[in-house]
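Overview (structure and organization)
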Amino acid sequence: MEIETITPIEARRRQLAGAVLVDVREAHERALGMAEGAIGIARAELESDPQATLPGRDAEVLLICEMGGRSAKAAQTLIDAGYRRVVSVDGGTRRWRDDELPLVQPADLDLDFYDRYSRHLRLPEVGEAGQRKLQQARVAIVGAGGLGSPAAYYLAAAGVGTLVLADDDVVERSNLQRQILHTEARIGQAKVESARTALSALNPGITIEGLPERIGSDNVERLIAEADVVLDGADNFAARYLLNDACVKLGKPMVYGAVLRFGGQVGVFDAGRRRGAMPCYRCLFPEPPPPEAAPNCSEAGVLGVLPGVIGMLQATEVIKLILGIGEPLAGRLLHFDALAMRFRETRLHADPGCTVCAPGREFPGYIDYAAFCSGA
């Protein structure tokens, strides 16, 4: 049968006459304002057990959502279940608001949270619970340069509560071609301070901690000890091996990224939490390549947009790890060729003889990583 629809004004009149008005939107939607006197219960919950909310099958029930689509579908479900006097409010809460009918909001509502993250809140895989996880998370980012810039921007926008950035460099004009956290006006400023300015302007509700130091054995654990996820935005092998070893020792997942010329790589090394099941960076590269075989970007160059692609993929993996959703790149290395616009994937396996992450092996201690990577 065709669902009866009524205007918000008519719904208000019937509500005041004794009809039950039910807002079937999700909780985060109702938090931004709902019809005065309405009962708030999400459509799925109402449909699964209408008797828990509604007074009886003969009661007059008015259903309202955001625009009228969900309430009409819920009305059909209730009618099929034997409820005889169910109607849908045409135009939903939007039209209710346009008609200047009374709305209510919780007195202690965090409007910024519900408005800023509204698109996340609509995702069942995230929702309010997931967004609160992001809000409580702490991510350590080594490097506020090419990879750290886009990754930090998107993690800040996503609402990760605390970002810890480590970088001992200052902003140079040559950085601006790819390091989007920084601007012409901040040339000469410490990168972590420039990053704090940019990220705080984007999302003032998060905490930015800057460590204007070169990462070494003496401070790496201070940086990552409280982190939920570590993001590798380093531009040298010594820092990457150090970060890997510390993550294995402390049981932290490391989201790896690297770029050079027109190509990049992304992966997740999670051996610290999953010994023997997942590889660490040393399982992939037991020994660093000779310096002449691995020039850095200042020597070989890099396409400006490439770190943006890889950094955003790293940020995506960080968010997935925090939320526990999807299939992370653990045990997989994703390669990106910008010239061919092509991705390919390499499967990685834990090395049972790895000097750092082999099951049952004691942490061997930190080494002189600069000497190790220089072949000295």
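Analysis parameters
- Residues numbered from 1 in each chain as written.
- Predicted model: local features only at pLDDT ≥ 70, side-chain atom pairs only at ≥ 80, totals over all residues.
- Heavy atoms only, no water.
- Helix = DSSP H or I, 4+ residues; strand = E, 2+ residues; numbered from the N terminus.
- Buried < 20%, exposed > 50% of the residue type's maximum accessible area, 1.4 Å probe, protein only.
- Pairing = 2+ DSSP bridges.
- Right-handed = clockwise from strand over helix to strand, strands pointing away.
- Expected span 1.5 Å × (residues − 1).
- Arc of directions from axis to C-beta.
- Contact = heavy atoms within 4.5 Å.
- Axes fitted to C-alpha atoms, helices over the stretch in contact; angles between N-to-C directions.
- Parallel < 35°, antiparallel > 145°, perpendicular 65-115°, else oblique.
- Left-handed = near helix turned anticlockwise from the far one by under 90°.
- Nonpolar A, V, L, I, M, F, W, Y, C, P; charged D, E, K, R; others polar.
- Polar contact = N/O pair within 3.5 Å; in protein donor to acceptor, adjacent residues only side chain to side chain.

Below, the discussion takes up unusual backbone geometry. Positive phi values are uncommon outside glycine, yet Glu100 reaches one of about 60°. For Arg261, which is not glycine, the phi dihedral falls at a positive 55°. Of note, Arg261 is situated in the loop between strand 12 (254-260) and strand 13 (263-269). Its relative accessible area of 44% is what places Arg261 among the partly exposed residues.

With that settled, the discussion passes to the pairing of strand 10 (residues 207-211). Along a regular strand, successive side chains alternate from one face of the sheet to the other. Sheet topology note: the strand 9 (residues 162-166)/strand 10 ladder contains 5 bridges and is parallel. Paired with Thr162 across the two strands is Thr207, which belongs to strand 10. In the classification by handedness, the crossover that spans strand 9, the intervening helix 10 (residues 191-202) and the parallel strand 10 is right-handed.

For helix 10, spanning 12 residues, the distance from its first C-alpha to its last is 16 Å, which sits close to the expected 16 Å at 1.5 Å a residue. Considered for burial, the residues of helix 10 that qualify are Lys191, Val192, Ser194, Ala195, Ala198 and Leu199. Seen end-on, helix 10 carries its buried residues on one side only, within an arc spanning 155°. Summarising the contacts, the buried residues of helix 10 are in contact with helix 9 (148-158), strand 9 and strand 10.

Axis separation between helix 9 and helix 15 (residues 306-323) bottoms out at 7 Å; the angle between their running directions is 40°. By the criterion of interaxial angle, the relationship of helix 9 to helix 15 is oblique. The hand of the helix 9/helix 15 crossing is right-handed. Note on element contacts: helix 15 touches helix 9 through Pro307, Gly308, Gly311, Met312, Ala315, Val318 and Ile319, opposite Pro150, Ala151, Tyr154, Leu155 and Ala158. Considered class by class, the residues forming the contact of helix 9 with helix 15 number 10 nonpolar, 2 polar and no charged.

The next thing to look at is the environment of Asp167. As for its placement among the helices and strands, Asp167 is situated in the loop between strand 9 and helix 10. With 147 residues separating them in the primary sequence, Asp167 and Val20 have C-alpha atoms 59 Å apart. When neighbours within four sequence positions are excluded, Asp167 is seen to be in contact with Gly143, Ala144, Gly145, Lys191, Val192, Leu211, Pro212 and Glu213. Polar side-chain contacts of Asp167 include one of 2.8 Å to the backbone nitrogen of Ala144.

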